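# Results of the structural survey
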Amino acid sequence: MKLTLKVWRQAGPGAPGHFETHELDGLSEHMSFLEMLDVLNEKLVLEGGDPVVFDHDCREGICGSCGVVINGRAHGPDAETATCQLHMRRFKSGETIFIEPWRSEGFPVVRDLMVDRSAFDRIISAGGYVSTNTGSAPDGNAVPIPREDAEQAFDAAACIGCGACVAACPNGAAMLFVSAKVGHLAHLPQGQAERESRVLAMVRAMDAEGFGNCTNHYECSAACPKGISVENIALLNRDYLRASLLERG
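Residues numbered from 1 in each chain as written. Predicted model: local features only at pLDDT ≥ 70, side-chain atom pairs only at ≥ 80, totals over all residues. Heavy atoms only, no water.

## Considering helix α5 (residues 175-186)
Across its 12 residues, α5 extends 15 Å between first and last C-alpha, which sits within 8% of the 16 Å expected from 1.5 Å per residue. Among the 12 residues of α5, 11 are classified as buried, and the element is accordingly described as predominantly covered. Tucked inside the fold, the buried residues of α5 contact α2 (118-127), α3 (147-157), α4 (164-168), α6 (195-208), α7 (219-223) and α8 (231-248). (Helix = DSSP H or I, 4+ residues; strand = E, 2+ residues; numbered from the N terminus. Expected span 1.5 Å × (residues − 1). Buried < 20%, exposed > 50% of the residue type's maximum accessible area, 1.4 Å probe, protein only. Contact = heavy atoms within 4.5 Å.)

Rendered as structure tokens:
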């Protein structure tokens, strides 16, 4: 395959960015998208240039560290597929591909295609946990949970925190991510004791990080590599309203 790449290059958070054009030839259609970027970086290094900086780790669609906007779509053209799982056979030889970082006030660019997603960590630390006494982990089957609740909790827990929902949202909202973390625990008996305080703390942390507001475009769910449902956002809104009323009372 032969491709023309338009890659976003940016020296740092406050530096101006621009698209840089590169030509690659002899690519295998069986390569993953990240392997293609590896080939580009090898070429740049051999030519004495600076390699393109991008996030990656497991390359198995598990860790959530990968993620770029490909031709205007977070993670690229395939549904429920992370960037690391996208293969070059999805593109045609001779095609031009635009590659950009996530775009959001909450995700400042570190360099090139890498963004700082530590805002998600701070939202999680605000309340995305269950407080328990230290000691041995409790048996996962010790507390009976209805099948429907268990399945909904598992579906929400599938979120890998990649940030595609933020990148895809016209408002740069992080509601799908936050609602998945809130919804996961809201469906479990272990999460009930801190349910109200959790949703208030996490939503306030999300707002403090500069993410936009949800206006029901549903682009978040469409871009999510794990198919997290927007039903979690409805649950989040209900829990937040109830918690706000209880707090005022």
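## Details of the sheet that holds strand β3 (residues 69-70)
With mixed pairing, five strands are arranged side by side in an open sheet as β2-β1-β5-β3-β4. One side of each edge strand has no neighbouring strand; the edge strands of this open sheet are β2 (17-25) and β4 (73-74). By the bridge criterion, two bridges tie β3 to strand β5 (residues 96-100) in an arrangement that is antiparallel. Counterpart to I70 in the pairing with β5 is I99. (Pairing = 2+ DSSP bridges.)

## A few points about the packing of aromatic side chains
Tallying each qualifying case throughout the model produces seven aromatic pairs. Consider the rings of F19 and F98, whose centres lie 5.7 Å apart with planes at 85°: the pair is edge-to-face. Taken together, the residues F19 in strand β2 and F98 in strand β5 connect sequence positions 79 residues apart. For F98, a relative accessible area of 35% translates into the label partly exposed. Ring geometry for F120 against F211: centres 5.9 Å apart, planes inclined by 40°, an arrangement best described as tilted. Highlighted residues: F120 in helix α2 and F211 in the loop between α6 and α7, separated in sequence by 91 residues. Assigned by exposure class, F120 and F211 land together as buried. (Phe/Tyr/Trp six-rings, centres within 6.5 Å; stacked < 30°, edge-to-face > 60°.)

## Some details on the pairing of strand β1 (residues 2-10)
Moving residue by residue along a regular strand, the side chains alternate between the two faces of the sheet. Burial analysis of β1 places seven of its nine residues in the buried class, which makes it a mostly covered element. Across nine bridges, β1 lies against β2 in antiparallel orientation. Bridging across to β2, K2 finds its partner in D25. Connecting β1 to the next strand, β2, in antiparallel fashion are six residues. Both β1 and β5 contribute to a ladder of four bridges, which runs parallel. Looking at β5, one finds that V7 is bridged to I99.

## A look at the state of the cysteines
Here the structure, examined in full by the defined rule, presents zero disulfides. Sulfur of C84: no disulfide; nearest cysteine sulfur belongs to C66 and is 3.7 Å away. A residue is classified by how much of its surface remains accessible, and C84, at 7% relative accessible area, is buried. Distance from the sulfur of C224, which forms no disulfide, to the nearest cysteine sulfur (C162) is 6.3 Å. Taking relative accessible area as the criterion, C224 reaches 9% and is therefore assigned buried. (Disulfide = S-S within 2.5 Å.)

## Some words on unusual backbone geometry
Of note, H75 is a non-glycine position whose phi angle comes to about 70°, a positive value. Following the sequence through the fold, H75 ends up in the loop between β4 and β5. Of note, the phi angle at N216 is positive, near 60°, even though the residue is not glycine.

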